[in-house]
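# Fold and contact review
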Amino acid sequence: MVRKGAPHPRVGDWVALAVVALLSLMLQVSGASFRYRVAGFLRHTVFLPARLVTAYAVGPADPARELTRLRSELTQARLDTAALVEARLENDRLREQLAFLSLQVDKLVPCQVIGKGADRFGEVLTLSRGWADGAFEGQSVVGPGGLVGVVTGTEAHECWAKTLRHGGVPVSGLLSESRYVGMLRWSPRHQLLRFAGIPIHSDATDGMAVVTSGHGRIFPKGIPIGAVVRVADDSTGLVKEIYVRPGADFDRLEEVFLLAPGSRLVVPPPPEPVPARVPAAAESSAIERQG
Amino acid sequence: MFYWRYLLLSFLALLLDATVARRLAIGSIRPDFGLAIVVYAGLLGGCRAGIAFGLLIGLIRGCLEPDWLGLTPLLLGLVGFAAACTSAMVNRKHPLTQGGLIAMLLLGHDLLRAVVVSSGDIVEALTLWFRAAPASALLTAVLVPAAATFLPAILLGDSRRAFS
């Protein structure tokens, strides 16, 4: 690939640059839905071979399926645990409303992360489920560590999801113990989620769990987000400056789960009381003989 | 035929990004092979090659993050064009020149991108840029020219010539 021709750009080069610039600007200023449609079209036509090289390597079918099932169970178990903690903390206040909490996370839809944007300033995942598989815009994405992000665009069998590390994904969060609600947004400077709007008199401390508040109806209530790692007073003296480390490990996401529509965390029913063991007839007679 | 070569080399860059770059990452800092190949295309192939590579790799990357489907090819096209424009002024075959040019263009590319991503908020843009760009630029500028210089000779078994 040795360069031929004059070193300085010629008219044709400037025209080529202008055409590319015009095309790119038109794409960028067009609506988001148009861009997503164009991206879907390109991925399935011109850049079909590129999908093979940008996709993550997937292991053999059966172990992969088994792994997905196990991760699904683990995520379900962790969500159940989080729900139990929530239930214990809210028990007094919500006793009358427990009927509402008998709803469950109906279904976790497992999907593979099949692509990851190369952007150094945000993070967009390509997932292996699309609108034909039940994925839709605004759907919550969770992983074993907790909330991962939200679906922002779909096509037939793939969708795009922005993670919490994307500055464009604010989340309404709840301090699990003190019940204060605030907004979480990724802070690139600290590489943590900044938890804004928590009043100065709140008792937020390091290690306190943060879960979704359910406000805004994007993320269901009670999904673990992470834990508080830094608490300080804001310069205004009105609110606390709190930073939260997300529970999800965004660098090692291979499978994630989409929450089915209308999901809410479940408080699993209390265990049935174990009846007192009645000795069998043979055992009773043996006891009597010994007596 | 010439443009098929573009396509194949672009796929090679993406393959490197998807495989080798992950292995070479230091924390969240990864080398940017796609941008490096655009720089090489501009440096060695001229303006149109640089722009074409930039457009192609930008569009493929844009498909993975459709929010920036237009911005990515625009910036990478500009990178290819800028690399071609500077090739007349520098010794384009020297690894140090190539490394320096890759670093400078990556820094410029990321600065523009950070300004757009942060909606013109300069403080936030500089914060974003400072966290990600310099380390990535350094890693790419060290790895790619070194690999381009030494790997072919090493793979052909002429290691003495490679390090002479």
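Owing to the predicted nature of the structure, the values given are computational and were not obtained by experimental measurement.

Attention shifts here to the sheet that holds strand S7 (residues 181-187) of chain A. Residue and element names in this part refer to chain A. What the six strands build is a closed barrel, ordered S6-S7-S8-S11-S10-S9; its pairing is antiparallel. Geometrically, the sheet is characterised by an average inter-axis angle of 40 degrees between neighbouring strands, direction not taken into account. In this sheet, strand S11 (residues 239-246) lies alongside strand S8 (residues 192-199) in antiparallel orientation, the contact comprising five bridges. Following the sheet pairing, proline 199 is matched in S11 by valine 239.

It is worth spelling out the sheet that holds strand S1 (residues 108-116) of chain A at this point. Sheet strands line up and pair through hydrogen bonds in the backbone, either parallel or antiparallel. Spatial ordering of the closed barrel is given by S1-S2-S5-S4-S3-S12 (chain A), a layout of six strands whose pairing is antiparallel. Averaged over all pairs of adjacent strands, the angle between strand axes in this sheet comes to 45 degrees, irrespective of strand direction.

Turning to the confidence of the model for chain A, a few remarks are in order. Residues and elements named next belong to chain A. When pLDDT is averaged along chain A, the result is 77, and 76% of the positions lie at 70 or above. In the model, residues 56-61 has pLDDT below 50 throughout and makes six contacts with residues more than four positions away in sequence or in other chains. Segment residues 96-104 is flagged for pLDDT under 50; beyond a separation of four residues in sequence, or across chains, it makes seven contacts in the model.

This part is about the packing of helix H3 (residues 33-45) of chain B against helix H5 (residues 71-86) of chain B. All names here are of chain B. In the contact formed by H3 and H5, the axes pass within 7 Å of each other and the chain directions differ by 40 degrees. Taken together, the axes of H3 and H5 lie oblique to each other. In this structure, H3 meets H5 at a crossing whose hand is right-handed. Within the contact between the two elements, H3 uses Leu35, Val38, Val39, Ala41, Gly42 and Leu43 and H5 uses Leu76, Val79, Gly80, Phe81, Ala83 and Ala84.

Core analysis: the biggest nonpolar cluster contains 107 residues, and Val39 and Val79 of chain B have the highest contact counts within it. At twelve residues, helix H4 (residues 47-64) of chain B tops the list of elements feeding residues into this core. When residues of this core are sorted by domain, at least three fall in each of domain 1 (15-54) and domain 2 (61-259) of chain A. The residues contacting valine 39 of chain B, other than those within four sequence positions of it, are Val79, Ala83, Leu101, Ile102 and Leu105 of chain B.

Moving on, we get to the interface of chain B and chain A. Between chain B and chain A, the contact holds 44 residues from the first and 43 residues from the second. Of all the secondary-structure elements, those providing two or more residues to the side of chain B that touches chain A are helix H1 (2-18), H3, H4, H5, helix H6 (95-117) and helix H7 (122-155) of chain B. Broken down by element, the residue count for the side of chain B that touches chain A peaks at ten residues, all from H4 of chain B. Taken together, the residues that form the side of chain B that touches chain A break down as 26 nonpolar, ten polar and eight charged.

The rules behind the values
Residues numbered from 1 in each chain as written. Chains lettered and ligands numbered in written order. Predicted model: local features only at pLDDT ≥ 70, side-chain atom pairs only at ≥ 80, totals over all residues. Pairing = 2+ DSSP bridges. Helix = DSSP H or I, 4+ residues; strand = E, 2+ residues; numbered from the N terminus. Axes fitted to C-alpha atoms, helices over the stretch in contact; angles between N-to-C directions. pLDDT = per-residue confidence, 0-100. Contact = placed C-beta atoms within 7 Å. Parallel < 35°, antiparallel > 145°, perpendicular 65-115°, else oblique. Left-handed = near helix turned anticlockwise from the far one by under 90°. Core = buried A, V, L, I, M, F, W, Y, C linked by C-beta atoms within 7 Å. Buried ≥ 20, exposed ≤ 12 C-beta atoms within 10 Å, placed from the backbone. Domains from an automatic or database assignment. Nonpolar A, V, L, I, M, F, W, Y, C, P; charged D, E, K, R; others polar.

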